[in-house]
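One-letter residues, chain by chain:
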Amino acid sequence: MTQNAHPEQTIRSDIDFRGIGLHSGAEVSMRLVAAPAGSGIVFRRTDLDNFEIPANGRNVAKVSYATSLMRGSVLISTTEHLLSALIGFGVDNVIVEVDNLELPILDGSALPYVEAFQRVGLKQQRRRREYIRILKEVEVREGSKFIGVYPGSGYGINYTIDFPQPIGFATFRGDLETGDYASLIAPARTFGFKEDEPKLRDMGLIRGATDACCIILTKSAIQNPPLRFPDEFVRHKVLDLIGDLALAGRRIQGRVIAERAGHAMHTALVQRLMRDRSAWELTHGYDESRDESPETADAPEMLRSALPASA
Ligand SMILES: [Zn+2]
C-alpha cells in the first residue's frame with residue numbers, strides 16, 4: 001500500500017433523521033445504514049419495496065433546482081447535501097433508507113450529517129479508496145456559466161458566484177483533502193430570494209421552505225440573520241458542488257473551477273467526464289506508482305484508455 005492510500009470507510013452505527021423535504025414539504029424518515037466495502041452510496045425507498053437507486057451519474061434526473069436521482073419511474077429528490085457530507089467527511093459506503101421521495105432539508109446545510117458522523121464514528125474497511133484522477137481538462141460552458149475540471153493533487157475547488165444584491169460577487173478557494181470540510185463547508189446553508197418565492201411555489205417547489213432551513217434574502221437584506229460565515233453563500237455552492245460531483249461515483253483527484261454554475265452545470269460536468277474515458281483514470285492514492293490490487297485489475301479498460309493521454 002502506498003503512503004497516501006486511504007481505506008474505504010463506513011459509519012460505525014446506524015443514524016436516523018426525520019424532517020421535511022424542501023420542495024415537496026413531505027415528512028420523511030431517513031436511516032443511514034453501514035454498508036460493505038466496495039458498495040458505494042445506495043439509496044433505498046422503503047415505501048416502495050426497498051427499491052434501490054445507486055448514487056451515480058447514470059441515475060441523474062433532469063431537474064435544475066436540486067440534484068435528484070431516478071431509476072425506472074422511481075425518484076429520490078434533493079440528494080446533494082447528504083452526498084456532499086458523505087464525500088466531504090469520507091464515508092464511502094452507506095445505504096440510505098428513505099420512506100418518501102425527498103430527503104429531509106434539516107437546517108439547509110450538511111452540518112447535521114457531519115455532527116452525526118462525528119458522534120457515531122467511522123469504521124475503516126479492508127479495501128483501499130479509489131479516486132478518479134483527472135488526466136486532462138474537461139469543461140462545460142453555457143453563456144456566462146462555466147465549470148471545468150483539471151489535473152492536480154488533492155481535491156481543489158475554486159468557486160465564483162455573482163448574484164444580485166445583497167449577495168453580489170464572491171470567490172471561495174479550498175482543498176477537500178485538507179480535512180477542513182466539516183468546519184469550512186458543512187455549516188453553510190442553502191439560500192433563496194424572497195421575490196422568487198411565488199414563482200417557485202407556483203411550480204410546486206419550496207413547499208417545505210421556512211426560516212429554519214434556508215437563508216432568506218430580500219432585495220436589501222438578510223431576512224433571518226445571522227449568517228454563519230460572511231461568505232456563506234459561496235461556501236454553500238461549494239457544498240452543492242461536492243455533492244453533485246459525488247455522482248461520478250468516487251472522489252475526484254484534481255482541481256475544479258466553477259463560475260456562476262449550479263446543479264445543472266455540475267451534473268453536466270459529471271456526465272461529460274464519465275463519457276470521456278481518456279480524461280481520467282482510477283487510482284488508489286496521491287502517490288501511487290505500481291498497483292497490483294484486484295480492484296485495479298477489474299478496470300483494465302479504463303486504465304488502458306487513460307495511458308496515452310498522460311503527458
Ligand atoms: Zn444546496
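Keep in mind that this is a model prediction, so the values were computed, not measured.

**A short note on the overall build of the protein**
Link 1 in the chain: Secondary structure summary: the protein contains eight helices and 18 strands in total.
Link 2 in the chain: Scored against the burial criterion, the 311 residues of the protein give a buried share of 42%.
Link 3 in the chain: Across the protein, the fraction of contacts at a sequence separation of at least 24, relative to all contacts at a separation of at least 6, is 76%.

**Re the sheet that holds strand S3 (residues 27–34)**
Link 1 in the chain: Pairing is mixed across the open sheet formed by five strands, whose spatial order is S2-S3-S8-S4-S5. Whereas interior strands pair on both sides, the edge strands pair on one side only; in this sheet they are strand S2 (15–20) and strand S5 (51–54). Neighbour-to-neighbour, the strand axes of this sheet turn through a mean angle of 20 degrees, independent of strand direction.
Link 2 in the chain: Where S2 lies against S3, six bridges are found, and the strand directions are antiparallel. Among the inter-strand pairings, Arg18 is bridged to a residue of S3, identified as Ser29.

**Observations regarding the nonpolar core**
Link 1 in the chain: Leu86, Val94, Val96, Val238 and Ala246 are the most contacted members of the largest nonpolar core, which totals 68 residues.
Link 2 in the chain: For this core, the element with the most residues is helix H5 (residues 232–245), which contributes seven residues.
Link 3 in the chain: Setting aside its immediate chain neighbours within four residues, Val94 contacts Thr10, Ile11, Leu32, Val33, Ala34, Ala35, Ile41 and Leu86.
Link 4 in the chain: In this structure, Leu22, Ile105, Ile215 and Leu217 belong to the second largest nonpolar core, which totals eleven residues.

**Side note on the confidence of the model for the protein**
Link 1 in the chain: Summary statistics for the protein give a mean pLDDT of 89 and a share of 89% for residues scoring 70 or more.
Link 2 in the chain: In this model residues 287–311 is a low-confidence stretch, pLDDT under 50, and it forms 31 contacts with partners more than four residues away in sequence or in other chains.

**With respect to unusual backbone geometry**
Link 1 in the chain: With omega at 10 degrees, the peptide bond leading from Gln165 into Pro166 counts as cis.
Link 2 in the chain: With respect to the helices and strands, Pro166 occurs in the loop between strand S13 (155–162) and strand S14 (169–175).
Link 3 in the chain: The step from Pro225 to Pro226 runs through a cis peptide bond, and the omega angle for that step is 5 degrees.
Link 4 in the chain: Locating Pro226 in the fold gives a position in the loop between strand S16 (215–217) and H5.

**A short note on H5**
Link 1 in the chain: Here H5 spans 20 Å end to end across 14 residues, near enough to the 20 Å set by a 1.5 Å rise per residue.
Link 2 in the chain: For H5, a buried count of 14 out of 14 residues is recorded, marking the element as mostly surrounded by other parts of the structure.

**Focus on the environment of Asp276**
Link 1 in the chain: Tracing the backbone through its elements, the reader meets Asp276 in the loop between helix H6 (263–275) and strand S18 (280–283).
Link 2 in the chain: Classification of Asp276 by C-beta neighbours within 10 Å gives partly exposed; the count is 14.
Link 3 in the chain: As a C-alpha pair, Asp276 and Val138 span 138 residues in sequence and 8.4 Å in three-dimensional space.

**Structural notes on the environment of Met265**
Link 1 in the chain: Residue placement: Met265 occurs in helix H6.
Link 2 in the chain: By the C-beta count within 10 Å, which is 20 here, Met265 ends up buried.
Link 3 in the chain: Considering only alpha carbons, one finds Met265 and Val140, 125 residues apart in sequence, at a separation of 7.2 Å.

**Observations regarding the packing of helix H1 (residues 80–89) against H5**
When two helices pack together, their arrangement is captured by the angle between the axes and the distance separating the axes.
Link 1 in the chain: Viewed as axis vectors pointing N to C, H1 and H5 meet at an angle of 85 degrees, and their least axial separation amounts to 7 Å. Considered as vectors, H1 and H5 are oriented roughly perpendicular to each other. Of the residues in H5, those in contact with Glu80, His81, Leu83, Ser84, Ile87 and Gly88 of H1 are Leu239, Asp240, Ile242, Gly243 and Asp244.
Link 2 in the chain: Residues that form the contact of H1 with H5 fall into these classes: four nonpolar, four polar and three charged.

Conventions we followed
Residues numbered from 1 in each chain as written. Predicted model: local features only at pLDDT ≥ 70, side-chain atom pairs only at ≥ 80, totals over all residues. Helix = DSSP H or I, 4+ residues; strand = E, 2+ residues; numbered from the N terminus. Buried ≥ 20, exposed ≤ 12 C-beta atoms within 10 Å, placed from the backbone. Contact = placed C-beta atoms within 7 Å. Pairing = 2+ DSSP bridges. Axes fitted to C-alpha atoms, helices over the stretch in contact; angles between N-to-C directions. Core = buried A, V, L, I, M, F, W, Y, C linked by C-beta atoms within 7 Å. pLDDT = per-residue confidence, 0-100. Expected span 1.5 Å × (residues − 1). Parallel < 35°, antiparallel > 145°, perpendicular 65-115°, else oblique. Nonpolar A, V, L, I, M, F, W, Y, C, P; charged D, E, K, R; others polar.

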